[in-house]
Amino acid sequence: MLYQNKANGNYYLLNESDNLGYDCYSFTKEKEQIDGFFPFCADLCCCDTDEERKAELAFIDRWDNQMTEKNRINYCLEQMGTSLDECILIEDNELEDKLFYSC
C-alpha cells in the first residue's frame, strides 16, 4: 500500500509482513528514503527482558485480534509522523515497486 501526505507530499509504503506486522518506509516527495518502521517483531528478537517480551506479545495479540486494517495502517502512519486523515492512497504499482526496491 502506498500513501502520500496531502500537505508535504511525502510517501509512505506499507507492505504486509508475517513477522513484522507491516514493513513500513517513508520517503520524501522526491522519493528519497527517510526512515523505516516495523510495528513489532513476532520472533521477539528485539526484546531484552521478560517484561519487554510480555508487552510485545500483548501488542501482537491486540494487532491480530482487536485492530482493524484501518487501525493498523493508521498506527503505522502515526509512528512515521502522519495519519490516514492526512494521507491519500496512491494506486500506482510501478511507483510502489520502485520505492520498495529502493529500500
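Cut-offs and rules
Residues numbered from 1 in each chain as written. Predicted model: local features only at pLDDT ≥ 70, side-chain atom pairs only at ≥ 80, totals over all residues. Heavy atoms only, no water. Helix = DSSP H or I, 4+ residues; strand = E, 2+ residues; numbered from the N terminus. Rg over C-alpha atoms; globule rule 2.2 N^0.38 Å. Buried < 20%, exposed > 50% of the residue type's maximum accessible area, 1.4 Å probe, protein only. Contact = heavy atoms within 4.5 Å. Areas by Shrake-Rupley, 256 points an atom, 1.4 Å probe, with all protein chains shown as cover. Lys, Arg positive; Asp, Glu negative; His and termini not counted. Charge placed at Lys NZ, Arg CZ, Asp CG, Glu CD. Pairing = 2+ DSSP bridges. Axes fitted to C-alpha atoms, helices over the stretch in contact; angles between N-to-C directions. Expected span 1.5 Å × (residues − 1). Arc of directions from axis to C-beta. Parallel < 35°, antiparallel > 145°, perpendicular 65-115°, else oblique. Nonpolar A, V, L, I, M, F, W, Y, C, P; charged D, E, K, R; others polar. Core = buried A, V, L, I, M, F, W, Y, C linked by side-chain atoms within 4.5 Å.

Moving on, we come to the overall build of the chain. A tally of helices and strands in the chain yields 3 helices and 5 strands. For 103 residues, the compact-globule estimate of 2.2 N^0.38 gives 13 Å, and the C-alpha radius of gyration of the chain, at 14 Å, lies within 12% of that figure. The dimensions of the chain, computed from C-alpha atoms along their principal axes, are 40 × 25 × 20 Å. Buried residues in the chain amount to 45% of all 103 residues. Restricting the contact set of the chain to residue pairs at least 6 apart, pairs at least 24 apart contribute 40%. Total accessible area on the chain stands at roughly 6400 Å², and carbon and sulfur atoms take up 42% of it. Of the charged side chains in the chain, 9 are positive and 23 negative, and the gap between their average positions amounts to 5 Å.

Another aspect to go through is the sheet that holds strand S4 (residues 33–37). Here we have 5 strands laid out as an open sheet, ordered S4-S3-S2-S1-S5, and antiparallel in their pairing. Bordering the open sheet on either side are S4 and strand S5 (87–90), each of which pairs with just one other strand. Adjacent strand axes in the sheet meet at a mean angle of 25°, parallel and antiparallel pairs treated alike. Across 4 bridges, strand S3 (residues 21–27) lies against S4 in antiparallel orientation. Within S4, the position partnered with Ser26 by the bridge is Asp35. Packing against the sheet, helix H2 (residues 69–79) makes contact with strand S1 (2–5), strand S2 (11–17), S3 and S4, and its axis sits at approximately 40° to S3. Strands S1, S2, S3 and S4 of the sheet are contacted by helix H3 (residues 93–102), whose axis makes an angle of about 80° with S2.

Next up on the list: helix H1 (residues 50–65). Taking 1.5 Å of rise per residue, the 16 residues of H1 would be expected to cover 22 Å, and the 22 Å separating its terminal C-alpha atoms lies within 8% of that figure. Of all the residues in H1, the buried ones are Glu56, Phe59, Ile60 and Trp63. The buried residues of H1 occupy an angular sector of 100° when projected down its axis, which confines them to one face. H1 presents Asp50, Glu51, Lys54 and Asn65 as exposed residues on the side facing more than 90 degrees away from its buried surface. The inward-facing, buried residues of H1 contact S3 and H2.

As a further point, take the packing of H1 against H2. Where H1 meets H2, the closest approach of the two axes is 9 Å, and the angle between their N-to-C directions is 135°. Classified by the angle between their axes, H1 and H2 sit oblique to one another. Each of Phe59, Trp63 and Asp64 in H1 lies in contact with H2, whose residues at this interface are Arg72, Tyr75 and Cys76. Of the residues contributing to the contact of H1 with H2, the split by class is 4 nonpolar, no polar and 2 charged.

Relative to the helices and strands, Asn5 is located in strand S1. If we ignore the near neighbours within four places in the chain, the residues touching Asn5 are Asn10, Tyr12, Thr82, Glu86 and Cys87.

Another aspect to go through is the nonpolar core. Counting residues in hydrophobic clusters, the biggest one holds 17 residues, and the most contacted among them are Tyr3, Leu14 and Leu77. Of all the elements in the fold, those that place two or more residues in this core are S2, S3, H1 and H2. Leu2, Tyr11, Phe27 and Leu95 belong to the second-largest nonpolar core, a separate cluster that totals 8 residues.

These figures capture arrangement, not role.
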